[in-house]
Amino acid sequence: MSRRFFSRSVAAPAYEIFCDGTPISVGTNLWSALLALIFVLTYTLLSENDESTIPSWAHNVCAGPPVCVDALCINQSNLQDRSAVATDARDKIYAYLGLSKEFLGPKQHEWTHLSLDYTKPASQVYTEVSQKMISSMGNLRFLSLKESQLSTKLADLPSWVPDFSAHGWPNPFDTGGPTPWTTSSGLASHIDFSQKGVLQVRGFKIGEVTRCASPGFHCGFFSEYASLLTCIPDISQIRDPVMNEHLRKYLQEGDAGVWEKAFDHLGQPDNTHAQGEIRTQSKVEVLWRTALTDRFAGLHPAPAEYGVAFDSLITSHFKHVELHALAARAKHGISPFEDAKYRLGTDYTTCRKLQGLVPFDSIEILYPPAFVNLEEDIDRAVSEGKGRELQLIMDHWGSLREKAGDSEGEPRMQKMRSEMMLKSMQLLSERRLFATDSGHLAAGVETMEIGDEVWVLVGASVPFLLRRRQERGQYSLLGEAYVHGVMHGEAVDVFLGSSESAQTISII
């Protein structure tokens, strides 16, 4: 074939194409990917070099905002997937050169040339392309691609530059596609690369990390979550987001059949200057919404019914712990039982705190009332040698299940609990929940430490965790953060109403 044929080629590394905005997954099979590529090539060849006749879906072969560097059309999806293998780390970038030149269109002359240069170390290549991509985007959404420090392989990279040689697929809050958040809305963007390897931005601090839980999301961490909740108000005032272009696109992508209904609750799309309704949220509601980043099934805010599912998850957890304690008593004697009983007491007390039935500052250890009575029955059965211990436990467990809810609602509640648990585990993979000195509950990278700072950076959709360096005004980037109650510009409103001004800082 002629070189002209290959000059019109399009890369689809995610093995997914978009036809009229509709994603068509072709799996990870190489032959399927080649068929998809041929499908794209057929349409681009028919366009006969006329940019205006190229189908709109061909410009969206990979989702995310396009970023162009010379004969290179990269987007966040391309660089988010780092599972591809390259013997030379520089080829994680150079592999895209020469592809999709036509997608630059009339703006091709605006981009600085990026050419193959294997005399440069991989860290320099990554830094240069990251700088060009941030400059071309005109905002800081690219920073969401920064992987966890535990995954970084190149030691000499600036903290704000993603390591594209790191294996895996980062799990950013800001995926590059439509997101519902506009954390820095209302502030003019400022990006400066005048110092080599330094990203100079403007922003303001909204808090410091005062307490954090273990990485991930697990029912076994409920006691840690209860400890976090002592750092936030009993009742939080949370403002509903106002419908805007970002939120509209996010809801549209999630479910085209339901997004219109959100207009009645959040306002019309042109109502961008209105203030959302203030709603009160308990500590527990703040917890489950933060664990889900207040999103579920393409909806934002997450449906209130998942609060009921979270309460059911709490109840299910301590019942499981109760059964474990009783089984330890019946099978293994007193010593293992005392440990299991202590865990049951702490977990049951924690669950009661999370359900708002016990004050968070209470130090008393509580046990389920039925457990105390059953423990006495088991002791009596063991002393009399009747061998009925396990039967007593199973009878008790059966009664617990009957009290869990009516038979019609239980399957649906089980499904909701499972969905909520899986979603929270996914979102908090390599992350942890934490509390700030400003009274916010948040989620961020697992490498955070007490004293790290949470910043709203102008031009970013989400807040970021930064670590102060020795020199004044210099920071290292740790990664994104979800901070409940500030994701729609609320912190900007407070900031603009104060006498403070945005600070210029250097991210090294």
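Bear in mind that the values here come from a model prediction, so they are computed numbers and not experimental data.

## Observations concerning the overall build of the protein chain
A tally of helices and strands in the protein chain yields 15 helices and 14 strands. Sorting the 508 residues of the protein chain into buried and exposed places 49% on the buried side. Nonlocal contacts in the protein chain, meaning residues at least 24 apart in sequence, comprise 69% of its contacts between residues at least 6 apart. Only carbon and sulfur atoms are counted for the fraction: they give 52% of the accessible area of the protein chain, which is about 24,300 Å².

## A closer look at the pattern of salt bridges
Between side chains of opposite charge, pairing is possible as soon as their charged atoms come close. According to the stated counting rule, one finds 18 salt bridges in the structure shown. R279 is the salt-bridge partner of D240, the closest N and O atoms lying 2.6 Å from each other. Pair noted here: D240 is in the loop between β7 (235-239) and α7 (245-254) and R279 is in strand β8 (residues 278-282), with a separation of 39 residues, a long-range link. E480 is paired through a salt bridge with R431; the nearest N and O atoms lie 3.7 Å apart.

## Quick word on the nonpolar core
Counting residues in hydrophobic clusters, the biggest one holds 88 residues, and the most contacted among them are L143, W160, Y225, F310, L354, L457 and L465. Leave out the neighbours within four places in its chain, and W160 touches T127, S130, Q131, I134, L143, F193, G197, V198, L199, L477, I507 and I508. Within the second largest apolar cluster, five residues are counted, among which are A325, A340, L344 and F371.

## What about the packing of aromatic side chains?
Counted according to the given criterion, the structure contains eleven aromatic pairs. The interplanar angle of 90° and the centroid separation of 6.3 Å between the aromatic rings of F221 and Y225 together place this pair among those described as edge-to-face. Residue F221 shares its accessibility class with Y225, and that shared class is buried. Where W455 meets Y475, the ring centres are 5.3 Å apart and the plane angle is 65°; that geometry is what we call edge-to-face. With a gap of 20 residues between them, W455 in strand β11 (residues 453-457) and Y475 in strand β13 (residues 474-483) connect regions that are remote in the sequence. Taken together, F217, F221, F222, Y225 and F310 form an aromatic cluster joined through their ring pairs. Its guanidinium or amino end placed over the ring of F173, R431 lies 3.8 Å from that ring's centre, counting from NZ or CZ.

## Looking at helix α6 (residues 222-229)
Within the sequence span of α6, burial applies to F222, Y225, A226, L228 and L229. An end-on view of α6 places all buried positions within 155° of arc, on one side of the element.

## Description of the pairing of β11
The buried count for β11 comes to five of five residues, which makes it a mostly enclosed element. Alternating residues of β11 divide into E453, W455 and L457 and V454 and V456, and every residue in both groups is buried. Alignment of strand β6 (residues 199-212) against β11, held across five bridges, turns out to be antiparallel. From the neighbouring strand, G203 faces β11, where its bridge partner is L457. Bridge count between β11 and strand β12 (residues 464-468): three bridges; the pairing is antiparallel.

What counts, and where the lines are drawn
- Residues numbered from 1 in each chain as written.
- Predicted model: local features only at pLDDT ≥ 70, side-chain atom pairs only at ≥ 80, totals over all residues.
- Heavy atoms only, no water.
- Helix = DSSP H or I, 4+ residues; strand = E, 2+ residues; numbered from the N terminus.
- Buried < 20%, exposed > 50% of the residue type's maximum accessible area, 1.4 Å probe, protein only.
- Contact = heavy atoms within 4.5 Å.
- Areas by Shrake-Rupley, 256 points an atom, 1.4 Å probe, with all protein chains shown as cover.
- Salt bridge = Lys/Arg side-chain N within 4 Å of Asp/Glu carboxyl O.
- Core = buried A, V, L, I, M, F, W, Y, C linked by side-chain atoms within 4.5 Å.
- Phe/Tyr/Trp six-rings, centres within 6.5 Å; stacked < 30°, edge-to-face > 60°.
- Lys NZ or Arg CZ within 6 Å of the ring centre and 35° of its normal.
- Arc of directions from axis to C-beta.
- Pairing = 2+ DSSP bridges.

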